[in-house]
Amino acid sequence: MSKSEKKVASYAIIGFGKIGQALARAFARNGIEVSIATTRDPESFASAAAAIGPGIIPTTLAEAVKADVIFLAVHFESHPDVAKALPSWQGKTIVDVTNAYGVPPEKMGGLPSARFVAQAFTGGKLVKGFNHLVAAILDQDPAVHGGRRVVFLASDDDGAAAEIGALAESLGFAPVKLGGLSEGGLLVQAHGNSWGKLIFQDLVKFD
Ligand SMILES: NC(=O)c1ccc[n+]([C@@H]2O[C@H](COP(=O)([O-])OP(=O)(O)OC[C@H]3O[C@@H](n4cnc5c(N)ncnc54)[C@H](OP(=O)(O)O)[C@@H]3O)[C@@H](O)[C@H]2O)c1
């Protein structure tokens, strides 16, 4: 297969609240199509999707999870319900945008939240990312004063981190890879009632 024939990945965002809509706007700004799904009938948020852009496709959860890359933009507590949508997540990349703030560590078996989430998505490759900024900032054009707003990415799968890094670039952000979920990734995960050190750090990279 030549480079020009390379299969284009398909994208979906699960959750269309504050973060889901901010992500959808980033896709729309860059003309990249993305499906969106919640627990509701897609008709109920079709006009909100159309207001963001023609490439924002409202659909059902069952349809949305057919995408190659799935952004998890639901509350941490809802991730098992999303995970149940497929018996296996083999071949898929899940971008975990959740913040498990206030969740007692013992409820996650002492694991970093992203590793706990990863366990639910059997067979999938998980990248923690796009979660360190408040929605009102993530929502803005990441081109800032000639630089690009930073998003942090962490994954135990280097290939998946590279894939989401390339997508982040296409969305106009400057990705910074932090390494594995239990190492650098801890900087962007909430632990009980405290935040990882990089959460809320609104940084801009100048090339
Ligand atoms: N808000 C922020 O500034 C911010 C910043 C960084 C990270 N985050 C994280 O991002 C996640 C989303 O936060 P948010 O502020 O966007 O929340 P939100 O505004 O309450 O939106 C949550 C969305 O998830 C959907 N949803 C809930 N359960 C679902 C399920 N089982 N399947 C599919 N969709 C489901 C909801 O739709 P329906 O209930 O209508 O189906 C809604 O569209 C959270 O984990 C949060 O910690 C938030």
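To be clear, the structure that these remarks concern was listed above.
Note that the structure is a prediction, hence the values are computed from the model and not measured.

## Topic: the site of the ligand
- Among the 23 residues in the neighbourhood of the ligand, the closest are listed as I19, T39, R40, V74 and A135.
- Measuring from an oxygen atom of the ligand, one finds a side-chain N or O atom of H75 at 2.9 Å.
- N99 is positioned such that a nitrogen or oxygen atom in its backbone is 3.2 Å from an oxygen atom of the ligand.
- Protein chains bury 79% of the 900 Å² of accessible surface belonging to the ligand in isolation.
- Using a 2 Å cut-off from the grid points, one finds that the ligand occupies the largest pocket.
- When residues of the shell around the ligand are traced back to their parent elements, those giving at least two are α1 (18–29) and α4 (79–83).

## A closer look at the packing of aromatic side chains
- Across all of its chains, the model carries nine aromatic pairs by this definition.
- Taking 4.8 Å as the distance between ring centres and 70 degrees as the angle between the ring planes, the aromatic pair formed by W89 and F121 counts as edge-to-face. Of this pair, W89 sits in the loop between α4 and β5 (93–96) while F121 sits in the loop between α5 (113–120) and β6 (125–129), and the two are 32 residues apart along the sequence.
- Residue F121 is classed as buried on the basis of its relative accessible area, which comes to 2%.
- Their ring planes at 85 degrees and their centres at 5.8 Å tell us that F130 and F173 sit as a pair that is edge-to-face. Of this pair, F130 sits in the loop between β6 and α6 (135–138) while F173 sits in the loop between α7 (158–170) and β9 (174–177), and the two are 43 residues apart along the sequence.
- Overall, F130 belongs to the buried group, its relative accessible area being 1%.

## Overview of the pattern of salt bridges
- What the rule picks out here adds up to eight salt bridges.
- A salt bridge links R115 to D156, with the nearest nitrogen and oxygen atoms 3.7 Å apart. In this pair, R115 is assigned in helix α5 and D156 in the loop between β8 (147–155) and α7, connecting sequence segments 41 residues apart.
- By relative accessible area, which is 35% here, R115 ends up partly exposed.
- For D156, a relative accessible area of 47% gives the class partly exposed.
- With its nearest N and O atoms 2.8 Å apart, the salt bridge here joins R148 to E169. Of this pair, R148 sits in strand β8 while E169 sits in helix α7; the two residues are 21 residues apart in sequence, bridging distant segments of the chain.
- Given a relative accessible area of 18%, R148 falls into the buried group.
- Judged by relative accessible area, which is 42%, E169 ranks as partly exposed.

## Focus: the environment of A118
- Examined against the element boundaries, A118 turns out to sit in helix α5.
- With relative accessibility at 25%, the residue A118 sits in the partly exposed group.
- Note: C-alpha distance between A118 and L181 (63 residues apart in sequence) is 9.8 Å.

## Concerning α7
- Compared with an ideal rise of 1.5 Å per residue, which puts 13 residues at 18 Å, α7 spans 18 Å between its outermost C-alpha atoms and is within 8% of the ideal.
- Taken residue by residue, α7 has A160, A161, I164, G165, L167 and A168 as its buried positions. Angular distribution of buried residues about the axis of α7 spans 165 degrees; they occupy a single face of the element.
- A distance of 3.0 Å separates the backbone nitrogen of G159 from a side-chain oxygen at the start of α7, and that oxygen is part of D157.
- Within two residues after α7, G172 carries a phi angle of roughly 95 degrees, on the positive side.

## Let's talk about the pairing of strand β1 (residues 11–14)
- Burial along β1 is two-sided: Y11 and I13 facing one way and A12 and I14 facing the other are all buried.
- Direction of pairing for β1 relative to strand β4 (residues 69–72): parallel, over a ladder of four bridges. Pairing of I13 across the sheet is with F71, part of β4.
- Following the backbone out of β1, through α1 and into the adjacent parallel strand β2 (residues 34–37), one traces a crossover that is right-handed.

Calculation criteria
- Residues numbered from 1 in each chain as written.
- Predicted model: local features only at pLDDT ≥ 70, side-chain atom pairs only at ≥ 80, totals over all residues.
- Heavy atoms only, no water.
- Near = heavy atom within 4 Å.
- Polar contact = N/O pair within 3.5 Å; in protein donor to acceptor, adjacent residues only side chain to side chain.
- Areas by Shrake-Rupley, 256 points an atom, 1.4 Å probe, with all protein chains shown as cover.
- 1 Å grid on protein atoms, 1.4 Å probe; cavity = no way out; pocket = protein on both sides within 12 Å on 5 of 7 lines; lining within 4 Å.
- Sits in = over half its atoms within 2 Å of the grid points.
- Helix = DSSP H or I, 4+ residues; strand = E, 2+ residues; numbered from the N terminus.
- Phe/Tyr/Trp six-rings, centres within 6.5 Å; stacked < 30°, edge-to-face > 60°.
- Buried < 20%, exposed > 50% of the residue type's maximum accessible area, 1.4 Å probe, protein only.
- Salt bridge = Lys/Arg side-chain N within 4 Å of Asp/Glu carboxyl O.
- Expected span 1.5 Å × (residues − 1).
- Arc of directions from axis to C-beta.
- Pairing = 2+ DSSP bridges.
- Right-handed = clockwise from strand over helix to strand, strands pointing away.

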